[in-house]
Amino acid sequence: MDQLTQFAPIILMFVVVYFFMIRPQMKKAKQEKNFAAELKKGDRVITKSGMHGKIIDFSEKNNSVIIETGAGKITFDRSSISMEMSKKLNEPAKPVKEKK
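Residues numbered from 1 in each chain as written. Predicted model: local features only at pLDDT ≥ 70, side-chain atom pairs only at ≥ 80, totals over all residues. Heavy atoms only, no water.

- For the protein, an unreviewed UniProt entry supplies the name Sec translocon accessory complex subunit YajC and the organism Christiangramia forsetii.
- Its UniProt record gives the protein a comment under Subcellular location (unreviewed entry), which states: "Cell membrane".
- Here is the UniProt Sequence similarities (unreviewed entry) comment for the protein, exactly as written: "Belongs to the YajC family." (UniProt positions renumbered as here; feature names shortened; annotations may be inferred.)

This is the structure:
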């Protein structure tokens, strides 16, 4: 029993690290993978480097997307598309409340 109480803080530390660091990271990675798999033609996206554009085609061979921007067509890897920024771009505009 004395050995168990001796290792309890170490075990507790691993549990805390798992629930506050590892698990949320795995959850976010799963969401990003699903987001990349659900992309379709016509979606407006923003890449992680800040490039704005609209998806016009997919290249399954290279696991990439072809994005049309103001400068022309550019090919990006699916993983380079930012989930957070693209969702903010596509969410409907919130009505502005007028102050009286």
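Still more to cover.
1. Here we look at the UniProt feature "transmembrane region" (unreviewed entry) in the protein
Next, step 1: The UniProt entry lists residues 6–22 under the feature "transmembrane region" (unreviewed entry), expressed in the numbering used here.
Next, step 2: Taken end to end, residues 6–22 comprises 100% helix and 0% strand; its first and last C-alpha atoms sit 25 Å apart. (Helix = DSSP H or I, 4+ residues; strand = E, 2+ residues; numbered from the N terminus.)

2. Let's talk about helix α1 (residues 2–37)
Next, step 1: Here α1 contains 36 residues, and its C-alpha end-to-end distance of 51 Å stays within 8% of the 52 Å for a straight helix at 1.5 Å per residue.
Next, step 2: Where α1 bends most, the angle comes to about 40°, and this point is Ala 8, followed within four residues by the proline Pro 9. (Expected span 1.5 Å × (residues − 1). Bend = angle between axes of the 7 residues up to and from the residue.)

3. Observations regarding the pattern of salt bridges
Next, step 1: The tally for this structure, following the rule as stated, stands at five salt bridges.
Next, step 2: Notably, a salt bridge pairs Lys 28 with Glu 84, separated by 3.5 Å at the nearest N-O pair. One end of the pair, Lys 28, is in helix α1; the other, Glu 84, is in helix α2 (residues 83–90), with 56 residues separating them in the sequence.
Next, step 3: Given a relative accessible area of 42%, Lys 28 falls into the partly exposed group.
Next, step 4: In this structure, Lys 40 and Asp 43 form a salt bridge, with 3.3 Å as the shortest nitrogen-oxygen distance.
Next, step 5: Residue Asp 43 is classed as buried on the basis of its relative accessible area, which comes to 16%. (Salt bridge = Lys/Arg side-chain N within 4 Å of Asp/Glu carboxyl O. Buried < 20%, exposed > 50% of the residue type's maximum accessible area, 1.4 Å probe, protein only.)

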